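# Understanding the architecture of this molecule
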Amino acid sequence: MALFDDRIQVLKVDGVTVGEFDQSADGFYRNVMTFNFNVKKKKAIRVKIRSDNPVDVAVANENGSSMAHKQSMKDGELGPVPTLDNREMGLFLGVYPGDKATVSVEVWMEKP
């Protein structure tokens, strides 16, 4: 029941393909994808990944520095990652050039 859910979803992406061939991209592959999402200060976020092939995942704060990362994820969670004083954060998904992965991502914040 949603009334008793103890988390707030801040990003949900289903079935995005990372690593597709694209002649207009540097290196001819879209092997890195980024997503921005809004957060509240002084909370914690968690990231859930489901992928058919391993992907590298990183969470960055407003100034672009890495807050957390994990390599070769297929099915799992990253976090809790503190939001500190950030109001916006970013998620990076990456694969090696030539590799391809279909990824579903869910990012949520824990309620107080």
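Everything below is about the structure shown above.
These lines cover the structure that appears in this document, whether it is placed above or below. (Residues numbered from 1 in each chain as written. Predicted model: local features only at pLDDT ≥ 70, side-chain atom pairs only at ≥ 80, totals over all residues. Heavy atoms only, no water.)

### Quick look at the overall build of the protein chain
Within the protein chain, the regular secondary structure consists of 0 helices and 8 strands. A compact globule built from 112 residues should have a C-alpha radius of gyration of about 13 Å, and the protein chain, at 14 Å, falls within 12% of that. Expressed along its principal axes, the backbone C-alpha trace of the protein chain runs to roughly 45 × 35 × 20 Å. Burial status across the protein chain gives 37% buried among its 112 residues. In the protein chain, the proportion of contacts linking residues at least 24 apart, taken out of those at least 6 apart, comes to 72%. Roughly 6800 Å² of accessible area belongs to the protein chain as shown, and the carbon and sulfur atoms make up 47% of that amount. In the protein chain, 15 positive and 16 negative side-chain charges are present, and the distance between their average locations comes to 7 Å. (Helix = DSSP H or I, 4+ residues; strand = E, 2+ residues; numbered from the N terminus. Rg over C-alpha atoms; globule rule 2.2 N^0.38 Å. Buried < 20%, exposed > 50% of the residue type's maximum accessible area, 1.4 Å probe, protein only. Contact = heavy atoms within 4.5 Å. Areas by Shrake-Rupley, 256 points an atom, 1.4 Å probe, with all protein chains shown as cover. Lys, Arg positive; Asp, Glu negative; His and termini not counted. Charge placed at Lys NZ, Arg CZ, Asp CG, Glu CD.)

### Side note on unusual backbone geometry
With omega at 10°, the peptide bond leading from Gly79 into Pro80 counts as cis. Following the sequence through the fold, Pro80 ends up in strand β6 (residues 66-82). Notably, Phe28 is not glycine yet its phi reads approximately 70°, a positive angle. Mapped onto the secondary structure, Phe28 falls in the loop between β2 (20-21) and β3 (29-30). Of note, Ser72 is a non-glycine position whose phi angle comes to about 55°, a positive value. Tracing the sequence through the fold places Ser72 in strand β6. On the basis of relative accessibility, which here comes to 52%, the residue Ser72 falls in the exposed class.

### Focus on the nonpolar core
Formed by 26 residues in total, the largest nonpolar core has its most connected members in Leu91 and Leu93. Among the elements of the structure, β1 (7-18), β4 (32-38), β5 (44-60), β6, β7 (88-94) and β8 (101-110) are those that each provide at least two residues to this core. Once residues within four sequence positions are removed from consideration, Leu93 is found in contact with Val16, Val18, Asn31, Val32, Met33, Phe35, Ile49, Asp56, Val57, Val103 and Val105. (Core = buried A, V, L, I, M, F, W, Y, C linked by side-chain atoms within 4.5 Å.)

### Here's the deal with the pairing of β6
Both β5 and β6 contribute to a ladder of 11 bridges, which runs antiparallel. Of the residues in β6, the one forming a bridge with Ala60 is Ser66. Here β5 folds back onto β6 in antiparallel fashion, the turn holding 5 residues, of which Gly64 has a positive phi close to 90°. (Pairing = 2+ DSSP bridges.)

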